[in-house]
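The primary structure of each chain is shown beneath.
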Amino acid sequence: MTDREIMRLYRSGDREQAFRAIVKCYSERLYWHIRRFTCSHEDTDDLLQDTFAKIWAALPSFREDAQLFTWIYRIATNEALNFLRRKKLREAVSFEDIRGDMERKIDSDPYFSGDELQRQLFKAMGKLPPKQRLVFGLRYFEEMPYEEISKISGSSTGSLKASYHHAYNKIKAELEKLF
């Protein structure tokens, strides 16, 4: 079902059916988008539920100025970034300690099904600042155009291209140390 069909269904009054369509269309993509921030299945599941709760609550005020998927990704991204901020404050540790925690989660996650190279890629991504992690994840894994990432992140395309370039070089350097 397309975003237009979902919104047509929503506007016709079948809001629950429209929301079920959103969940069906976006659950897997949002799961992996959030997972790149948290590196944990449990945290990702919690944030995914929070994201869909926010989408449900905010859907009546969605003005359709942006594409539905852009709006949804922005909510998911904000939830993931807020989670990282809360975690940093709650644990009262430096970002370096959070990165170490993320690496441990990747190593001990029974739901991680990737090979060693993928595991190291996720660990290298975990070392990136949140903005670089966001742009790298959306560009590399989702193959999303910079213009769409700009709408999700609120950053200019030039800034995003620079962030992606820096993220790519950092990840490349990390992986070259290992392989």
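The structure under discussion appears in the preceding block.
If you're wondering where the values come from, they're calculated on a predicted model, not measured in any experiment.

Asks: Can you walk me through the pattern of salt bridges in this structure?
Replies: Pairing between side chains of opposite charge can happen when the charged atoms of each approach one another. One pass over the full model with this rule turns up nine salt bridges. For Arg 119, the salt bridge goes to Glu 116, with nearest N and O atoms at 3.9 Å. Of the two residues, Arg 119 and Glu 116 both sit in helix H6 (residues 116–126), three residues apart, roughly one turn of that helix. In this structure, Lys 127 engages Glu 174 in a salt bridge whose closest nitrogen and oxygen atoms are separated by 2.8 Å. Taken as a pair, Lys 127 in the loop between H6 and helix H7 (130–141) and Glu 174 in helix H9 (residues 157–178) lie far apart in primary sequence, 47 residues in all.

Asks: Would you mind showing me how to read the environment of Cys 25 here?
Replies: Tracing the chain through its elements places Cys 25 in helix H2 (residues 15–38). Beyond its immediate chain neighbours, meaning those up to four positions away, Cys 25 contacts Met 1 and Ile 6.

Asks: Help me understand the packing of H2 against helix H3 (residues 41–58) in this model?
Replies: Each pair of packed helices can be summarised by the angle the axes make with each other and by the distance between the axes. At a minimum axis separation of 9 Å, H2 and H3 run at an interaxial angle of 145°. Remark: the crossing between H2 and H3 carries right-handed chirality. When H2 is examined against H3, the residues Arg 15, Glu 16, Phe 19, Ile 22, Val 23, Tyr 26, Ser 27, Leu 30, Tyr 31, Ile 34, Arg 35 and Thr 38 are found in contact with a partner set consisting of His 41, Asp 43, Thr 44, Asp 45, Leu 47, Leu 48, Thr 51, Phe 52, Ile 55 and Trp 56. Looking at the contact of H2 with H3, its residues break down into twelve nonpolar, five polar and five charged.

Asks: Would you mind showing me how to read the nonpolar core here?
Replies: One broad trend across soluble globular proteins is that nonpolar side chains are buried collectively. By size, the foremost hydrophobic cluster in this structure holds 47 residues, and its most contacted members are Ile 22 and Leu 68. The element that contributes the greatest number of residues to this core is helix H4 (residues 68–91), accounting for eleven residues. Contact partners of Ile 22, with chain neighbours within four places excluded, come to Ile 6, Ser 27, Phe 52, Ile 55, Leu 59, Leu 68 and Ile 72.

Asks: Please explain the packing of helix H1 (residues 3–11) against H2 as it appears in this structure.
Replies: Two elements in contact, H1 and H2, have axes whose closest approach is 7 Å; the angle formed by their N-to-C orientations is 160°. In terms of axis orientation, H1 runs roughly antiparallel to H2. With respect to the hand of their crossing, H1 and H2 are arranged in left-handed fashion. Along its contact with H1, which presents Asp 3, Ile 6, Leu 9 and Tyr 10, the element H2 presents Arg 15, Gln 17, Ala 18, Ala 21, Ile 22, Cys 25 and Tyr 26. Residues of the contact of H1 with H2, tallied by class, amount to eight nonpolar, one polar and two charged.

Procedures and definitions
Residues numbered from 1 in each chain as written. Predicted model: local features only at pLDDT ≥ 70, side-chain atom pairs only at ≥ 80, totals over all residues. Heavy atoms only, no water. Salt bridge = Lys/Arg side-chain N within 4 Å of Asp/Glu carboxyl O. Helix = DSSP H or I, 4+ residues; strand = E, 2+ residues; numbered from the N terminus. Contact = heavy atoms within 4.5 Å. Axes fitted to C-alpha atoms, helices over the stretch in contact; angles between N-to-C directions. Left-handed = near helix turned anticlockwise from the far one by under 90°. Nonpolar A, V, L, I, M, F, W, Y, C, P; charged D, E, K, R; others polar. Core = buried A, V, L, I, M, F, W, Y, C linked by side-chain atoms within 4.5 Å. Buried < 20%, exposed > 50% of the residue type's maximum accessible area, 1.4 Å probe, protein only. Parallel < 35°, antiparallel > 145°, perpendicular 65-115°, else oblique.

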